[in-house]
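# Structural description and commentary
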Amino acid sequence: MAENENFYGKNGEPRKYDPNFKGPIEKRGCTDIVCCILFIICVLAYIAVGILAWSQGDPRKAIYPTDSRGQFCGQAGTPLQNKSMVFYFNILKCASPMVLLEFQCPTTQMCVEKCPEKYMTLLSAYPIKKDFDYYKNFCQEGVTNSMGVPEILKRGLCPAVLIPSKSFTKRCFPSLGMNNGKVTVGGQDKVNDGEGNTVPAEDLLYGVKNATVVIEARQVVMKIFEDYTHSWYWILIGLAIAMVLSLLFIILLRYLAAIMVWVVIALLILVIGYGIVHCYMEYASLKGEPGANVTLQELGFQTDFAVYLQLQQTWLAFMIILAIVEVIIILLLIFLRKRILIAIALIKEASRAIGHVMCSLFYPLFTFLLLALVIAYWAVTAVFLSTSNQPIYKVFNESACEYSRQTCSPANFSDSPEKKACPDSQCLFAFYGGETPYHKYLIVLQFYNVFLFFWCANFVIALGQMTLAGAFASYYWAFSKPDDIPTFPVFSSLGRSLRYHTGTLAFGALILSIVQLIRVLLEYLDHKLKGAQNKFAKFLLCCLKCCFWCLEKIIKFLNRNAYIMVAIYGKNFCTAAKDAFFLLLRNMIRVAVLDKVTDFLLFLGKLLVVGLVGIFAFFFFSGRVKAFADTAPNLHYYWVPILTVAVGSFLIASGFFSVYSMCVDTLFLCFLEDLERNDGSAEKPYLMPENLRKILNKKNTAQPGQ
């Protein structure tokens, strides 16, 4: 008795029997009100940030390219509506290091209807009227036939050379090719560099070395889009099959859970046993072979690892390791057999519970819609915030100039002191920015946008967990199933969660969001320090990332179980988290066994669903089966719908099995509470299913007179 008191004293007090407890408490009060108020204020501020961003931002900056004056190319209702492409006068200047700082090529950019299709220089096109008229499509206004070539180039009205280009993201990039191992532009391996010099075409790679890859990628994307248009309905059919298979697997777990677990355990023991035998046979076959008796220490480290397989000592080490693992597994089975049986019984009961609360399987759709809304709001706000800056113009020049890279006004630049001091300079659009208080604190608003995104997303996930926990707890604590189960357990639990525990949900989500935000900042620092040579800083950063990753996993586990206790008893977050923690601590081994067995079964389920649907999609879309040859659509890449169906099937299976996992966790906590608060007497009967009572050698005493 003293030992039990000491145990409970260190790990919390077990819950006492309450004759009025009939499942999730209906009469409860609001919890964590301060956090609820804080969350509401932050969400209202988030809405205000969104409204401010929408009033200041201009998403056209992210959609349309701009010319040197900051005008949008291809925008409807403007003189440039038919000129949707951006043409660079000298694409080689995009290779300047200043591009990385200014995010703008230091060359004239203009909107054009289509990219150049011919290779020609201004000098060669000028004498021929037809060629010059074509050339003027890529020149600024004010070019006339009476101007000479030197004057045109001096005033920067035309590019010195036109290079055949292709459009990518509405920007003209040189059309690069290969001929006899040489880089060509428009079929030529030597081109004019825009400054009167003839250079190899491969020199253009300094400015656009990825242009060919990018253009080919664009063609691939177009083909993939066509494949989707031809196969979308078959993809939907595949996803519907995945949904049916997921539901079928959950139902079959009621009958096949025990068989699956024990068969896999037996196969694991047999496989390890075969490994031991194989290692012994290899060890015996090397006996007497020259050099086989050399030790690992004598051989030392070798880059060719196959050499180690020629040593007897290697196979002896493998055999000893496998034998130790085999003994450990067998001992665990002997001592944990009852706990494995409890885990299997709870998994079966979870399948039965979902059968009585079928609407719970469709609750993830509601969570998905809320998450989609949160993600959409975050993405739109981020776009508007990032495009709410004002156009900034700077002086760009060829020769030395004291005004270089200073801000300027394009409206009166021709008469400005900057132009007089630097005749060859131009006032070009540089980037979007601003000097107002709003623009100065824009990074703070972006940071707030990210933080509220994490908080709202975690709140939605927490709401789903608490809602499902309340519904399944109603099932467990019903004395007579299914008669005592509420009519709409999911909706009742959702109403309780929102009415009484919004603050608790916000509290748990806030703690998790802070940790996730720290992880994002650490990833950002890691990205910035990739080129650093400080080994200690890298090591410290790696340790911090690992620690916060573990902390996030721990908090998710504690939050999940805290929400279950809140759904049942209606306590605040800290009390519920403490009760759940000590309850699990008093049953550590059961927790570990149930967690691993459940994870294993759900992993098998996902593997089964994705595998079956993926194999079916492969044979259908690849045309390997003649029966489907006429039905299957003609595709550029048959792996596109196959991969889409496989990923979609995994997401669908994860959605269904997340409900199942929440059900198992809820029933497990209820089971532990049942063991502590009841003793099987007529006054305090166990509510666990009969198969669990048999495993634990527990029984309910019959009511008097029965």
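Going by the structure above, here's the rest.
Residues numbered from 1 in each chain as written. Predicted model: local features only at pLDDT ≥ 70, side-chain atom pairs only at ≥ 80, totals over all residues. Heavy atoms only, no water.

## Points about the overall build of the protein chain
Check the secondary structure of the protein chain and you find 23 helices and twelve strands. Taken over 706 residues, the protein chain has a buried fraction of 43%. A sequence separation of at least 24 residues applies to 70% of the contacts in the protein chain between residues at least 6 apart. (Helix = DSSP H or I, 4+ residues; strand = E, 2+ residues; numbered from the N terminus. Buried < 20%, exposed > 50% of the residue type's maximum accessible area, 1.4 Å probe, protein only. Contact = heavy atoms within 4.5 Å.)

## Focus on the pairing of strand β6 (residues 171-174)
Side chains Cys-172 and Pro-174 of β6 all project onto a buried face; the interleaved residues Arg-171 and Phe-173 project onto a face where none is buried. As judged from the four bridges shared by strand β5 (residues 165-168) and β6, these two strands associate in the antiparallel manner. In the sheet register, Ser-167 faces β6, and the bridge partner there is Cys-172. (Pairing = 2+ DSSP bridges.)

## Here's the deal with the nonpolar core
Grouped together as the largest cluster of nonpolar side chains are 110 residues, with contacts concentrated most on Trp-455, Tyr-660 and Phe-671. Take this core: its biggest share by element is 19 residues, from helix α15 (residues 442-476). The residues contacting Trp-455, other than those within four sequence positions of it, are Leu-38, Phe-39, Cys-42, Ala-506, Ala-509, Leu-510 and Ser-513. (Core = buried A, V, L, I, M, F, W, Y, C linked by side-chain atoms within 4.5 Å.)

## Overview of the state of the cysteines
Enumeration according to the criterion identifies three disulfides in this entry. Across the disulfide, Cys-73 is cross-linked to Cys-111 (sulfur-sulfur distance 1.9 Å). Between Cys-73 and Cys-111 the disulfide shows an S-S torsion of about -70 degrees. By sign, it is left-handed. Residue Cys-73 is located in the loop between α3 (60-63) and β1 (85-88), and its partner Cys-111 is located in strand β2 (residues 109-112); the two are separated by 38 residues in the primary sequence. The exposure class assigned to Cys-73 is buried, which follows from its relative accessible area of 1%. For Cys-111, a relative accessible area of 5% gives the class buried. Shown here is the disulfide that connects Cys-115 with Cys-172, its sulfur atoms set 2.1 Å apart. Looking down the S-S bond of the Cys-115 and Cys-172 bridge, the torsion is -90 degrees, so its handedness is left-handed. With Cys-115 in the loop between β2 and β3 (120-121) and Cys-172 in strand β6, this pair connects stretches of sequence that are 57 residues apart. For Cys-172, a relative accessible area of 3% puts it in the buried group. You can see Cys-35 has no disulfide; the closest cysteine sulfur is in Cys-36, sitting 8.1 Å from it. With no disulfide of its own, Cys-663 lies closest to Cys-670 among cysteine sulfurs, the gap being 9.5 Å. (Disulfide = S-S within 2.5 Å.)

## Remarks on the side chain of Thr-314
Along the polypeptide, Thr-314 turns up in helix α11 (residues 312-356). By relative accessible area, Thr-314 is classed as buried at 6%.

## Let's talk about the pattern of salt bridges
Close approach of charged atoms allows side chains with opposite charge to pair. Across all of its chains, the model carries nine salt bridges by this definition. A salt bridge links Glu-552 to Arg-519; the nearest nitrogen and oxygen atoms lie 2.5 Å apart. Note that Glu-552 is positioned in helix α18 (residues 535-569) and Arg-519 in helix α17 (residues 502-528), a separation of 33 residues in sequence. Salt-bridge contacts for Glu-523 lead to Lys-545; the nearest nitrogen and oxygen are separated by 3.6 Å. Placement of Glu-523 in helix α17 and of Lys-545 in helix α18 is noted, with a sequence separation of 22 residues between them. Where salt bridges share partners, they join Lys-129, Asp-133 and Lys-136 into one cluster. (Salt bridge = Lys/Arg side-chain N within 4 Å of Asp/Glu carboxyl O.)

## Details of the packing of α18 against helix α19 (residues 573-585)
Packing of α18 against α19 leaves a shortest axis separation of 8 Å and a crossing angle of 105 degrees. As the angle between them shows, α18 and α19 are arranged roughly perpendicular. When α18 is examined against α19, the residues Phe-557, Leu-558, Asn-559, Asn-561, Ala-562, Tyr-563, Met-565 and Val-566 are found in contact with a partner set consisting of Phe-573, Ala-576, Ala-577, Asp-579, Ala-580, Phe-581 and Leu-584. Looking at the contact of α18 with α19 residue by residue, the class counts come to twelve nonpolar, two polar and one charged. (Axes fitted to C-alpha atoms, helices over the stretch in contact; angles between N-to-C directions. Parallel < 35°, antiparallel > 145°, perpendicular 65-115°, else oblique. Nonpolar A, V, L, I, M, F, W, Y, C, P; charged D, E, K, R; others polar.)

## Topic: the packing of aromatic side chains
Under the defined criterion, the tally for this structure stands at 25 aromatic pairs. Where Tyr-46 meets Tyr-448, the ring centres are 6.3 Å apart and the plane angle is 80 degrees; that geometry is what we call edge-to-face. With Tyr-46 in helix α2 (residues 33-56) and Tyr-448 in helix α15, the pair connects residues that are 402 residues apart, well separated along the chain. Residue Tyr-46 is classed as buried on the basis of its relative accessible area of 4%. A relative accessible area of 21% means that Tyr-448 is categorised as partly exposed. Chaining the aromatic ring pairs together yields one cluster made of Trp-232, Tyr-233, Trp-234, Phe-616 and Phe-620. Positioned above the aromatic ring of Tyr-134, the side-chain terminus of Lys-118 is 4.8 Å from the ring centre. (Phe/Tyr/Trp six-rings, centres within 6.5 Å; stacked < 30°, edge-to-face > 60°. Lys NZ or Arg CZ within 6 Å of the ring centre and 35° of its normal.)

## Quick word on the side chain of Thr-467
Among the secondary structure elements, Thr-467 is positioned in helix α15. If we skip the residues at most four places from it in the chain, Thr-467 touches Tyr-363, Val-490, Ser-493, Leu-494 and Ser-497.

## Some remarks on helix α22 (residues 639-677)
With 39 residues, α22 should reach 57 Å at 1.5 Å per residue; the first-to-last C-alpha distance of 56 Å fits that figure. Buried residues dominate α22, accounting for 31 of its 39 residues. (Expected span 1.5 Å × (residues − 1).)

## Remarks on the environment of Phe-581
Assignment of secondary structure puts Phe-581 in helix α19. The spatial distance from the C-alpha of Phe-581 to the C-alpha of Asn-561 is 7.9 Å, given a sequence separation of 20 residues.

## Some thoughts on the environment of Ser-124
Along the chain, the position of Ser-124 falls in helix α5 (residues 122-125). Since its relative accessible area comes to 39%, Ser-124 is described here as partly exposed. Along the backbone, Ser-124 and Val-161 are 37 residues apart, and their C-alpha atoms lie at a distance of 9.4 Å. One polar contact links the side chain of Ser-124 to the main-chain carbonyl oxygen of Thr-121, over a distance of 2.9 Å. (Polar contact = N/O pair within 3.5 Å; in protein donor to acceptor, adjacent residues only side chain to side chain.)

## A word on unusual backbone geometry
The backbone of Asp-32 shows a phi angle near 50 degrees, a positive value even though the residue is not glycine. For Asp-32, the location among the structural elements is in the loop between α1 (2-10) and α2.

Read these as geometric descriptors, not functional statements.
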